[in-house]
Amino acid sequence: MGLLDILFGRTKPVAPDLDQLFGLPSAAVTLEAAAGFRPTGSGAVCFATVEGAAFAQTHREVQALLDADAEREGRPVRLTRDDYGYSWLVSARKSDQLPELVNDLHAVNSAMEVNGFGPQLLCSLAGFEDDEGRRLALVYLYKRGTFYPFAPLAGPAERRDNPLELRVKAVLADDLRIEQDLGRWFPLWGAPGL
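Please read all numbers here as calculations on a predicted model, not as lab measurements. (Residues numbered from 1 in each chain as written. Predicted model: local features only at pLDDT ≥ 70, side-chain atom pairs only at ≥ 80, totals over all residues. Heavy atoms only, no water.)

### Observations regarding the overall build of the protein
Phase 1 of the analysis: Along the protein, the regular secondary structure elements total five helices and six strands.
Phase 2 of the analysis: Moving toward the C terminus, one meets the helices and strands of the protein in the order α-α-β-α-β-β-α-β-β-β-α.
Phase 3 of the analysis: Of all 194 residues assigned to the protein, the portion counted as buried reaches 46%. (Helix = DSSP H or I, 4+ residues; strand = E, 2+ residues; numbered from the N terminus. Buried < 20%, exposed > 50% of the residue type's maximum accessible area, 1.4 Å probe, protein only.)

Structure (structure tokens):
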């Protein structure tokens, strides 16, 4: 960072730290104890849609890597697109396999990064649910290296449970690097894996 950057208030962007994802299993223990939310076994990686042979090859590599897991049941990763034009690589595990799900998310992010698709990576999420059927995602912002909770309310309207999100933020402050700028807590309506 140069003198002009300091004078004009510019900051150096935070480098992505995919190893932050490995904090999710311990955060899940805290989340269950404090708020009653347990992992669903579902998670996803979101990125700007990419076309072409290079991405198809990367997807095949990720698929082959995750298919090599002998304990996995069914297809490890499916590629979907949402209503907003973003692509999602979705992984499904058993609800008690959060560490394995985190490994999947890390592998997908790493493969995309290594193959030159890092700038297209947006976020990763892991799904949680409580006994009342409320859904919650812990979302990792790739370009910020931080997490935030997203809690959509049930029903046809796109509404979120802001008090729950703020409670989860407070509960997980010691477990995860939480995004402090609430303006970056983007809603992920209809996100696969949630």
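### Here's the deal with the sheet that holds strand β5 (residues 135-141)
Phase 1 of the analysis: If you trace the six strands from one edge of the open sheet to the other, you get β2-β3-β1-β4-β5-β6, paired in antiparallel fashion. Looking at strand neighbours, the two that pair on one side only are β2 (77-81) and β6 (146-150), the edges of this open sheet. Across this sheet, the average inter-strand angle for adjacent strands is 25 degrees, counted without regard to direction.
Phase 2 of the analysis: Two strands pair when backbone bridges link them, and strand β1 (residues 38-48) and strand β3 (residues 86-92) are joined in this way by seven bridges, in the antiparallel orientation. Bridged to Phe47 within β3 is Ser87. (Pairing = 2+ DSSP bridges. Axes fitted to C-alpha atoms, helices over the stretch in contact; angles between N-to-C directions.)

### A short note on the state of the cysteines
Phase 1 of the analysis: With the rule as written, the count across this model stands at zero disulfides.
Phase 2 of the analysis: Free cysteine: Cys46, not disulfide-bonded; nearest cysteine sulfur from Cys123 at 4.6 Å.
Phase 3 of the analysis: By relative accessible area, Cys46 is classed as buried at 4%. (Disulfide = S-S within 2.5 Å.)

### As for helix α3 (residues 53-67)
Every α-helix carries 3.6 residues per turn, so stepping three or four residues along brings you back to the same face.
Phase 1 of the analysis: Its 15 residues give α3 an end-to-end C-alpha distance of 21 Å, which sits within 8% of 21 Å, the value for a rise of 1.5 Å per residue.
Phase 2 of the analysis: Every buried residue of α3 is listed here: Phe55, Thr58, His59, Val62, Gln63 and Leu66. Down the axis of α3, the buried side of the element spans an arc of 135 degrees, and every buried residue falls inside it. Counted as exposed and oriented over 90 degrees from the buried face of α3: Ala53, Ala54 and Leu65. (Expected span 1.5 Å × (residues − 1). Arc of directions from axis to C-beta.)

No statement about biological role is implied by the geometric values presented.
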